[in-house]
Amino acid sequence: MKKNKPILKAISLSLMLLTTGSLYAQFGQLGQVLATGEDDATEIFEAYLSPYANGMGAALSTGWYNTAKPHKLGGFDITVSFNVAMIPSSDQSYDANDLELGDPANGLTVDVTGENSPTAAGKKNAGQTLTYNQNVPLVGDVPIASFNLPKGTGFAYTPMPMLQVGVGLMKESELNFRYSPDIEWGNGSKIGLWGVGIKHGIKQWIPALNKLPLFDLTLQGGYTKMKSTTGLNFQASAYQDMGINKPGDIVLDIPGYYDNQELLLDVSNFTANILVSGDFKIICIYGGVGISSSKSTLQLNGNYPFPEMDPNSGQLQITEETALTDPIDITIKSTDGSATKPRFNAGFRLKFAVVTINFDYTYANYSVASAGLGISFR
């Protein structure tokens with residue numbers, strides 16, 4: 001039984017995800033994300049979900065500005081923006097051969113059939129087939145489990161709406177704040193974000209430029225943090241639906257013990273840019289070049305039922321002692337733009353009295369299209 005423990009963990013976590021349906025809109029269906037024990041779970045979860053996590057980070061990095069010109073002292077704007085990051089085709093699939101699956105030191109090996117598997121952002125095609133083999137003395141490799149890696153969602157975008165406020169300070173400086181209160185839906189699930197940024201005019205400090213009209217040159221930086229919680233409900237009775245409890249096996253439900261399950265996704269982004277814009281009466285043309293760095297943490301918290309063999313009876317049993325607790329904790333770091341690979345942004349803003357409408361596009365590994373509607377004074 002000990003040799004088969006990674007496979008039972010795979011079944012446990014896969015079933016748990018299958019019972020959740022759609023965890024939330026950005027991730028779509030996570031039901032078929034495969035977890036083959038805590039080590040293999042980390043490998044497959046990260047390969048499958050990283051593109052969405054990176055896309056969210058990229059979407060959080062944009063929408064900070066629609067002009068390089070800071071507000072005058074006391075001026076302000078309130079803008080609703082909608083940013084959509086586009087996941088590149090290179091990150092819409094992965095090869096399970098590149099993952100460190102199984103436990104060869106203990107005779108557990110994995111055969112991979114097929115060319116590639118879709119990530120969460122990939123096509124709605126079944127992934128590669130994994131066959132787990134356990135080496136048995138005097139017998140050889142014995143197949144003990146075979147299954148396909150999960151399909152993609154067919155949706156290679158991460159949309160991110162947000163509300164932002166900018167307030168003018170002295171010396172051509174401006175503070176920006178973005179915030180969304182926790183939005184709750186069923187099963188205790190919620191999502192919210194906050195962020196703070198700053199913009200400072202540098203043309204004023206360059207004698208050759210400070211007298212030139214119609215254009216502005218500024219430095220801009222911003223930090224945004226998004227956190228979501230998705231309630232889960234995976235009970236021991238789910239094993240009955242997959243036929244793991246054959247006649248004579250024991251499946252034990254412990255009322256309330258598995259009610260603390262949740263999926264946590266925490267995404268933070270930092271961006272820094274040099275901006276330039278030309279402001280005219282109705283239209284403003286703006287652009288920038290800069291860097292962006294994101295960090296995402298994916299955690300599966302709570303207690304999850306897991307069957308183990310009772311050495312006395314030879315039957316499967318599920319107890320508090322056999323439960324998996326907080327089985328997944330993944331950190332995904334992505335630098336979508338760096339000192340050697342900057343990101344570029346260009347766009348325009350239309351202003352009608354105090355009402356503004358803007359559109360821009362950020363070119364990077366994860367490119368982002370943005371649109372905004374707001375009001376602006378001074």
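Nothing here was measured: the structure is a model prediction, and the numbers come from that model.

Please set out the overall build of the protein chain residue by residue, giving values where relevant.
Helices and strands together make up the secondary structure of the protein chain, namely three helices and 20 strands. Each of the 378 residues in the protein chain was classed as buried or not, and the buried ones make up 50%. When the accessible surface of the protein chain is totalled, it reaches about 17,600 Å², and 59% of it is carbon and sulfur.

Give me the environment of Thr319: which residues, what numbers.
Examined against the element boundaries, Thr319 turns out to sit in the loop between strand 15 (316-317) and strand 16 (324-325). Thr319 gets classed as buried once you look at its relative accessible area, which sits at 17%. Note: C-alpha distance between Thr319 and Ala236 (83 residues apart in sequence) is 9.5 Å.

Tell me about the confidence of the model for the protein chain, and name the residues and values.
Confidence in the prediction for the protein chain averages 81 pLDDT; 80% of positions are at 70 or higher. Confidence, expressed as mean pLDDT per element, reaches its minimum in the protein chain at helix 1 (residues 5-18) with 46 and its maximum at strand 19 (residues 355-363) with 97. In this model, residues 1-35 is a region of pLDDT below 50 whose contacts with residues beyond four sequence positions or in other chains number 113 contacts.

Mind laying out the packing of aromatic side chains, listing which residues take part and the relevant values?
On inspection of all chains with the given rule, the structure shows six aromatic pairs. Arranged with centres 5.2 Å apart and planes meeting at 75°, the rings of Tyr257 and Tyr258 form a pair that is edge-to-face. Between the NZ or CZ atom of Arg178 and the centre of the ring of Trp64, over which it lies, the distance is 3.8 Å. Seen from the ring of Phe215, Lys203 lies directly overhead, with NZ or CZ sitting 4.7 Å from the centre.

Got a sec to walk through the side chain of Glu174? Specific residues and values, please.
By the secondary structure assignment, Glu174 is in strand 8 (residues 173-185). Residue Glu174 is classed as buried on the basis of its relative accessible area, which comes to 3%. Within the structure, Glu174 has its side chain in polar contact with the backbone nitrogen of His71 (distance 2.9 Å). Excluding residues within four positions of it along the chain, Glu174 makes contact with Lys69, Pro70, His71, Asp77, Gly166, Val167, Gly168, Leu169, Gly197, Ile198 and Lys199.

Break down the pattern of salt bridges for me, with residues and values.
Overall, the coordinates contain three salt bridges when judged by the stated rule. For Asp266, the salt bridge goes to Lys225, with nearest N and O atoms at 2.9 Å. Highlighted residues: Asp266 in strand 11 (residues 262-279) and Lys225 in strand 10 (residues 215-231), separated in sequence by 41 residues. Here Asp279 ties to Arg349 by a salt bridge, and the two come within 3.5 Å at their closest N and O atoms. Here the residue Asp279 occupies a position in strand 11, and Arg349 occupies one in strand 18 (residues 343-352), the gap between them amounting to 70 residues. A relative accessible area of 10% means that Arg349 is categorised as buried.

Provide a residue-level description of the pairing of strand 7 (residues 157-168), including the pertinent values.
Alternating residues of strand 7 divide into Thr158, Met160, Met162, Gln164, Gly166 and Gly168, all buried, and Tyr157, Pro159, Pro161, Leu163, Val165 and Val167, none buried. As paired strands, strand 1 (residues 76-86) and strand 7 are joined by eleven bridges and run antiparallel to one another. The partner of Thr79 across the bridge, within strand 7, is Gln164.

Lay out the pairing of strand 19 in plain terms, naming residues and giving numbers.
Taking every second residue as pointing to the same face, the buried face of strand 19 carries Thr356, Asn358, Asp360 and Thr362, while none of Val355, Ile357, Phe359, Tyr361 and Tyr363 on the other face is buried. In this sheet, strand 19 lies alongside strand 18 in antiparallel orientation, the contact comprising nine bridges. Following the sheet pairing, Lys351 is matched in strand 19 by Thr356. Counted between consecutive antiparallel strands, the loop separating strand 18 from strand 19 contains two residues, among which Ala353 sits at a positive phi close to 60°. Where strand 19 lies against strand 20 (residues 367-377), eight bridges are found, and the strand directions are antiparallel. Its bridge partner being in strand 20, Phe359 is matched across the sheet by Ala371.

I'd like to hear about the nonpolar core, residue by residue, with values.
Ranked by internal contacts, the top residues of the largest apolar core, which has 35 residues, are Leu60, Met160, Met226 and Leu298. Here the element with the most residues in this core is helix 2 (residues 37-60); it accounts for ten residues. Ignoring anything within four residues of it in the chain, the contact list for Leu60 reads Met160, Met162, Arg178, Leu193, Thr224, Met226, Val267 and Asn269. By size, the runner-up hydrophobic cluster in this structure holds ten residues, among which are Ala47, Tyr94, Leu108 and Leu149.

Tell me about the environment of Pro327, and please be specific about residues and values.
If you trace the backbone, Pro327 turns up in the loop between strand 16 and strand 17 (328-334). Considered as a pair, Pro327 and Asp39 are 288 residues apart in the sequence and their alpha carbons are 9.5 Å apart.

Before we move on, can you summarise unusual backbone geometry with the specific residues and values?
You will see that Lys171, though not glycine, has its phi angle at about 55°, which is positive. With respect to the secondary-structure elements, Lys171 resides in the loop between strand 7 and strand 8. With a phi close to 50°, Glu172 is a non-glycine residue in the positive phi region. You can see Glu172 is positioned in the loop between strand 7 and strand 8.

Run through the side chain of Thr67, naming residues and quoting values.
With respect to the helices and strands, the residue Thr67 is situated in the loop between helix 2 and strand 1. For Thr67, a relative accessible area of 8% puts it in the buried group. Polar contacts involving the side chain of Thr67 include one to the main-chain amide nitrogen of Lys69, which spans 3.1 Å. A distance of 3.4 Å separates the side chain of Thr67 from the side chain of Ser277, its partner in a polar contact. Once you skip the residues sitting within four places of it in the chain, Thr67 turns out to touch Lys199, Leu275, Ser277, Asp279, Cys284, Tyr286 and Arg349.

What counts, and where the lines are drawn
- Residues numbered from 1 in each chain as written.
- Predicted model: local features only at pLDDT ≥ 70, side-chain atom pairs only at ≥ 80, totals over all residues.
- Heavy atoms only, no water.
- Helix = DSSP H or I, 4+ residues; strand = E, 2+ residues; numbered from the N terminus.
- Buried < 20%, exposed > 50% of the residue type's maximum accessible area, 1.4 Å probe, protein only.
- Areas by Shrake-Rupley, 256 points an atom, 1.4 Å probe, with all protein chains shown as cover.
- pLDDT = per-residue confidence, 0-100.
- Contact = heavy atoms within 4.5 Å.
- Phe/Tyr/Trp six-rings, centres within 6.5 Å; stacked < 30°, edge-to-face > 60°.
- Lys NZ or Arg CZ within 6 Å of the ring centre and 35° of its normal.
- Polar contact = N/O pair within 3.5 Å; in protein donor to acceptor, adjacent residues only side chain to side chain.
- Salt bridge = Lys/Arg side-chain N within 4 Å of Asp/Glu carboxyl O.
- Pairing = 2+ DSSP bridges.
- Core = buried A, V, L, I, M, F, W, Y, C linked by side-chain atoms within 4.5 Å.

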